[in-house]
Amino acid sequence: MIKKPRLLSVLDVLSGMMILAAAGLVFFYAPVEQMMGLVQKVFYFHVATAWVGMLGFIVAAVAGIFYLAKRTEQWDITGFAAVEISLIFFLTAIILGSIWAKPAWNTWWTWEPRLTTAAIVELIYAAYLLLRQGVDDPERRARFSAIYAIFGSISIPLTFVSIRFLRTIHPVVIGTAETAGKGGFNMDSPMKLTFFFSLAAFTVFFVDLLWHRIRLGKLQAEVEKLRIDTYSNGM
C-alpha cells in the first residue's frame with residue numbers, strides 16, 4: 001500500500017474548506033443579479049466546473065506530449081486521470097448551464113455554438129475512454145491515448161472562442177463593458193471576488209482529485225502488470 005503523503009492530506013482539507021467557502025460566498029455574499037435573479041448564482045459553479053474540465057483536458061494533452069517524448073508510464077497515468085476527472089466536471093458544467101438556460105432562454109438546450117462545441121468536447125473525451133478500453137497492450141494503449149489527447153485538445157480553444165466569433169445567444173461574461181450588450185452582465189466587486197474565489201477553489205479541488213487518481217492509477221498499473229505476468233507464466 002502506498003503511504004499517503006502528508007501534503008496530500010493537507011490538500012484534502014484545504015480543498016474541502018475552499019469549496020465550502022465558495023458555496024458560502026455564492027449564497028450569502030454575492031448579490032442577486034437584477035435581471036436574472038437567483039438563477040444567476042448557478043453561474044459561479046457553471047464557469048468553475050467548465051474551467052476545471054478544460055484544464056484537465058489540457059493537462060492530458062501536456063501529459064501526452066511528455067509520454068511520447070519520454071515513454072514514461074507516469075505520464076500515461078496522469079493523462080488518463082486528468083481526462084476521467086475532467087469528463088465529470090465538464091458534464092456538470094453542461095448540466096448547470098442547462099439549469100441556467102431554462103429561465104434565461106426558456107429552453108433547457110439549444111444548438112448554438114457554445115453548447116454544440118461543449119457537447120462535442122464531451123463526446124471526444126468519452127471516446128478517449130472507449131479507445132483505452134479497446135487496446136489491451138499497455139504500451140500501445142498509452143501511445144494511442146497520448147496522440148488522441150493531443151489532437152483532442154484542439155477542441156478546447158475552439159469551444160472557448162466560439163461565442164466571440166460566431167453568432168450566439170450565449171453570454172460573454174468575461175470581457176469588457178460591452179459584454180452586457182452581448183447578453184452578459186457586468187460584475188460588481190462582490191461578484192468578482194466570488195467568481196475568482198470559486199475558480200481558485202475548484203482548481204485546488206481538481207489538483208487534489210488528480211493526485212488521488214494518479215495514486216490509484218499507479219496501483220492499477222501494478223495490478224495489470226501482475227495479471228500480465230501471471231498470464232504469461234501460465235502459458
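Attention here is on the structure that accompanies the text. Source: prediction; values computed, not measured.

1. Brief notes about the overall build of the protein
Each helix and strand counted, the protein has 7 helices and 0 strands in total. Of the regular secondary structure in the protein, the N- to C-terminal order runs α-α-α-α-α-α-α. Approximately 13,100 Å² of the protein is accessible, and the part contributed by carbon and sulfur atoms is 70%.

2. A short note on the packing of aromatic side chains
Applying the stated rule across the entire model yields 12 aromatic pairs. Consider the rings of Phe45 and Phe202, whose centres lie 6.1 Å apart with planes at 65°: the pair is edge-to-face. Of this pair, Phe45 sits in helix H2 (residues 42-70) while Phe202 is found in helix H7 (residues 189-234), placing the two residues 157 residues apart along the sequence. Taken together through their ring pairs, the aromatic side chains of Phe27, Phe45, Phe89, Phe202 and Phe205 make up a single cluster.

3. Notes on the nonpolar core
Formed by 41 residues in total, the largest nonpolar core has its most connected members in Phe43, Tyr44, Phe90, Tyr125, Phe195 and Leu210. Secondary structure elements with two or more residues in this core: H2, helix H3 (73-105), helix H4 (113-133) and H7. In terms of residue count, the dominant contributor to this core is H3 (12 residues). By size, the runner-up hydrophobic cluster in this structure holds 5 residues, among which are Leu11, Ala22, Ala201 and Val204.

4. Observations concerning the pattern of salt bridges
Applying the stated criterion across every chain, the model contains 5 salt bridges. With a shortest N-O distance of 2.6 Å, Glu139 and Arg143 are connected by a salt bridge. Of this pair, Glu139 and Arg143 both sit in helix H5 (residues 138-152), 4 residues apart, roughly one helical turn. Glu139 gets classed as partly exposed once you look at its relative accessible area, which sits at 34%. Among the charged side chains, a network of salt bridges with common partners joins Arg71, Glu139 and Arg143.

5. Structural notes on the packing of H2 against H3
Contact geometry of H2 with H3 gives a least axis separation of 7 Å together with a crossing angle of 160°. When the axis of H2 is compared with that of H3, the two are roughly antiparallel. Of the two possible hands of crossing, H2 and H3 adopt the one that is left-handed. Looking at the contact of H2 with H3, its residues break down into 22 nonpolar, 9 polar and 3 charged.

6. Some thoughts on the environment of Gly152
By secondary structure assignment, the location of Gly152 is in helix H5. For the pair Gly152 and Ile124, spaced 28 residues apart in sequence, the C-alpha to C-alpha distance is 6.7 Å. Apart from the residues within four sequence positions on either side, Gly152 is in contact with Ile124 and Tyr125.

Reading guide: rules and limits
Residues numbered from 1 in each chain as written. Predicted model: local features only at pLDDT ≥ 70, side-chain atom pairs only at ≥ 80, totals over all residues. Heavy atoms only, no water. Helix = DSSP H or I, 4+ residues; strand = E, 2+ residues; numbered from the N terminus. Areas by Shrake-Rupley, 256 points an atom, 1.4 Å probe, with all protein chains shown as cover. Phe/Tyr/Trp six-rings, centres within 6.5 Å; stacked < 30°, edge-to-face > 60°. Core = buried A, V, L, I, M, F, W, Y, C linked by side-chain atoms within 4.5 Å. Buried < 20%, exposed > 50% of the residue type's maximum accessible area, 1.4 Å probe, protein only. Salt bridge = Lys/Arg side-chain N within 4 Å of Asp/Glu carboxyl O. Axes fitted to C-alpha atoms, helices over the stretch in contact; angles between N-to-C directions. Parallel < 35°, antiparallel > 145°, perpendicular 65-115°, else oblique. Left-handed = near helix turned anticlockwise from the far one by under 90°. Nonpolar A, V, L, I, M, F, W, Y, C, P; charged D, E, K, R; others polar. Contact = heavy atoms within 4.5 Å.

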